[in-house]
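The primary structure of each chain is shown beneath.
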Amino acid sequence: MVGGAVRPVLRYLHCMNIGGRPYRTLWDTANGIEVIDQRHLPHRFVTAELRTAEDVAVAIREMWVRGAPLIGAVAAYGLAFAIARGDDPVQAAAKLLVTRPTAVNLKWALNVVLQSARSPLEAARQIVADELERSRLIGEHGLALIRDLASRRTPVNILTHCNAGWLACIDYGTATAPIYAAHEAGIPVHVWVDETRPRNQGAALTAYELGEHGVPHTVIADNAGGHLMRQGRVDMCIVGADRVAANGDTANKIGTYLKALAAKDTGVPFHIALPTSTIDWSLPDGSEIPIEERDPDEVRFIDGLGPHGPTRVRLVPESSPALNPAFDVTPVRLITGFITERGAFANLRHNK
Ligand code: MRU
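Reading the values: rules and limits
- Numbers given to residues run from 1 along each chain, matching the order in which its sequence is written.
- Side-chain atom pairs in this predicted model are given and counted only at pLDDT of 80 or more, local residue features only at pLDDT of at least 70, and totals for whole chains, interfaces and linings cover all residues.
- With hydrogens and water stripped out, all remaining heavy atoms of the structure feed into the side-chain values.
- Per the convention used, a helix needs a DSSP run of H or I reaching at least four residues, while a strand needs a run of E reaching at least two, with both numbered from the N terminus.
- A radius of gyration in this sense is built from C-alpha atoms; the matching globule rule multiplies 2.2 Å by the number of residues raised to 0.38.
- Throughout this description, buried means an accessible area under 20% of the type-specific maximum (1.4 Å probe, protein chains only), exposed means over 50%, and partly exposed covers the range between.
- Two residues qualify as a contact provided that any one of their heavy atoms is within 4.5 Å of a heavy atom in the partner residue.
- Accessible surface area values rest on a Shrake-Rupley calculation with a 1.4 Å probe, where residue burial reflects the displayed protein chains alone.
- Charge assignment in this entry is limited to Lys and Arg as positive and Asp and Glu as negative, and neither His nor the chain termini are counted.
- In plain terms, the charge of a residue is placed at NZ if it is Lys, CZ if Arg, CG if Asp and CD if Glu.
- Angular values range over 0 to 180 degrees, each being the angle between N-to-C directions of two axes fitted as lines to C-alpha atoms, with helices fitted over their stretch in contact.
- An angle below 35 degrees is read as roughly parallel, one above 145 as roughly antiparallel, one from 65 to 115 as roughly perpendicular, and any other as oblique.
- Less than a right angle of anticlockwise turn of the near helix away from the far helix marks a crossing as left-handed, whereas a clockwise turn marks it as right-handed.
- The nonpolar class holds Ala, Val, Leu, Ile, Met, Phe, Trp, Tyr, Cys and Pro. Asp, Glu, Lys and Arg form the charged class, and all remaining residues, Gly among them, are polar.
- When two rings of Phe, Tyr or Trp (its six-membered ring) have centres within 6.5 Å they constitute a pair, described as stacked for plane angles under 30 degrees, edge-to-face for angles over 60, and tilted for the intermediate range.
- By the criterion adopted, a ring carries a charge over it if an Arg CZ or a Lys NZ lies within 6 Å of its centre and within 35 degrees of its normal.
- The span expected for a helix works out to 1.5 Å for each residue beyond the first.

Concerning the overall build of the protein
Of regular secondary structure, the protein possesses 10 helices and 19 strands. Taken over C-alpha atoms, the radius of gyration comes to 19 Å for the protein, in line with the 20 Å a tight globule of 352 residues would show. Taking all 352 residues of the protein together, 55% fall into the buried category. A fraction of 72% describes how many contacts in the protein between residues 6 or more apart in sequence connect residues 24 or more apart. Carbon and sulfur atoms make up 54% of the accessible area of the protein, which totals about 14800 Å². Of the charged side chains in the protein, 36 are positive and 38 negative; the average position of the first set lies 3 Å away from that of the second.

Okay, structure coming up:
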């Protein structure tokens, strides 16, 4: 695994921007793939080359790359690298599968590679192309919902949680895809960005990518969303998903459930944006979705930029224990609708 220089991908139409240059979250190199090492954002833009399945496992487990669709795509390459050097495909897939438990895209992508008639590398490349198209279509379908709200009031104020942006996908994002589409269509939008403790994917990543793309936004403390909804300052919520059970119960970053409760109480529409690769048809409801518990130090410490560069500080008394469930499950009754690449669907079980 080696650090790489900042390098743009080819100019693709409507790619998301960093410093005015279009990027995607991964691209092929002569020896593997290059990814954006998201641990350093928003303070430094660093890329890394992943050449082996072990590189990929570390990058997923330690969240160099994260977000359900991106985890799946990168894992697919990891499996392709393992098979190319002669590893047993099923054993290699099993090693990659345990890197993160909640996002079902990981399992889905590994199965696609294992079952594909194409070469493993071609299958991984196809997953990237398909996820890209799924995000683009989520943007198109979600745009209609934002357009409808904009006919009554602008700017349309949209609250999102965690990072379900292009950094979590290949391009465009899931929750952010309709937002970028609206921005490009000239519809005034403003995004309330939940900071998303403990790892602050909202403050660090969503704010960064919206800012780089020129989308108006404001970072809020996680606890502020309910207050803003009661004040009528949120027109809709759009969040992503890590695993959606067959009945629509949705696992997403910890704190999503509380936003859904507040949205229900205040009558704010609460939408889940997801590619169908995030649906786990094998689970009838959300009760069996595995919830990742991460290192309590992610709660006890916080990373930031100090006067001498990146720094980490302790927030809690040295002897206090902490608990760090990384996801929660929002029951389907709290969800207004699902925005997928196949269309935006109203949830008939909303409020039932
Ligand atoms: O722990 P992370 O950063 O991988 O969690 C990501 C999320 O919860 C996203 O909201 C989710 O994966 C949707 S991604 C488009």
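Regarding the packing of helix α1 (residues 53-61) against helix α2 (residues 68-84)
To characterise two packed helices, one gives the angle between the axes of the helices and the distance between these axes. At a minimum axis distance of 8 Å, the contact between α1 and α2 shows a crossing angle of 160°. Taken together, the axis directions place α1 and α2 in an arrangement best described as roughly antiparallel. Seen from above, α1 lies across α2 with left-handed handedness. Contact residues: Ala-53, Val-56 and Ile-60 in α1; Ile-71, Val-74, Ala-75, Gly-78, Phe-81 and Ala-82 in α2. A breakdown of the residues in the contact of α1 with α2 according to their chemical character gives eight nonpolar, one polar and no charged.

A few points about α1
Within the span of α1, buried status applies to Ala-53, Asp-55, Val-56, Ala-57, Ala-59 and Ile-60. Summarising the contacts, the buried residues of α1 are in contact with β6 (47-50), α2 and α3 (89-97). After α1 finishes, the residue Met-63 shows a positive phi value of roughly 60°.

Side note on the packing of α2 against α3
Relative orientation of the contacting elements α2 and α3 amounts to 145°, with a least axis distance of 9 Å. Two packed elements cross with a definite hand, and for α2 against α3 that hand is right-handed. Every residue of α3 that contacts α2 at Ala-75, Gly-78, Leu-79, Ala-82 and Ile-83 is listed here: Pro-89, Ala-92, Ala-93 and Leu-96. Looking at side-chain class alone, the contact of α2 with α3 contains eight nonpolar, one polar and no charged residues.

Examining the packing of aromatic side chains
Aromatic rings considered in pairs are described by the distance between their centres and by the relative angle of their planes. One pass over the structure, following the stated rule, counts three aromatic pairs. Note on Tyr-77 and Phe-81: the rings are 6.1 Å apart at their centroids and 50° apart in plane angle, and the pair reads as tilted. Pair noted here: Tyr-77 and Phe-81 are both in helix α2, with a separation of four residues, about one helical turn. Note on Tyr-77: relative accessible area 3%, which makes it buried. The buried category is assigned to Phe-81, whose relative accessible area is 14%. Here the aromatic cluster, defined as three or more aromatic residues joined through ring pairs, consists of Tyr-23, Trp-27 and Phe-45. Its end group placed over the ring of Phe-327, Lys-253 keeps NZ or CZ at 4.1 Å from the ring centre.

Considering helix α7 (residues 201-212)
The periodicity of an α-helix, 3.6 residues per turn, causes residues three or four positions apart to be oriented the same way. In this model α7 runs 15 Å from its N-terminal to its C-terminal C-alpha over 12 residues, within 8% of the 16 Å that 1.5 Å per residue would give. In terms of burial, α7 is largely enclosed, as nine of its 12 residues are buried. What α7 keeps buried is the set Gln-201, Gly-202, Ala-204, Leu-205, Thr-206, Ala-207, Tyr-208, Glu-209 and Leu-210. Once α7 finishes, Gly-214 follows within two positions and takes phi at roughly 80°, a positive value.

Just distances and angles here, no functional claims.
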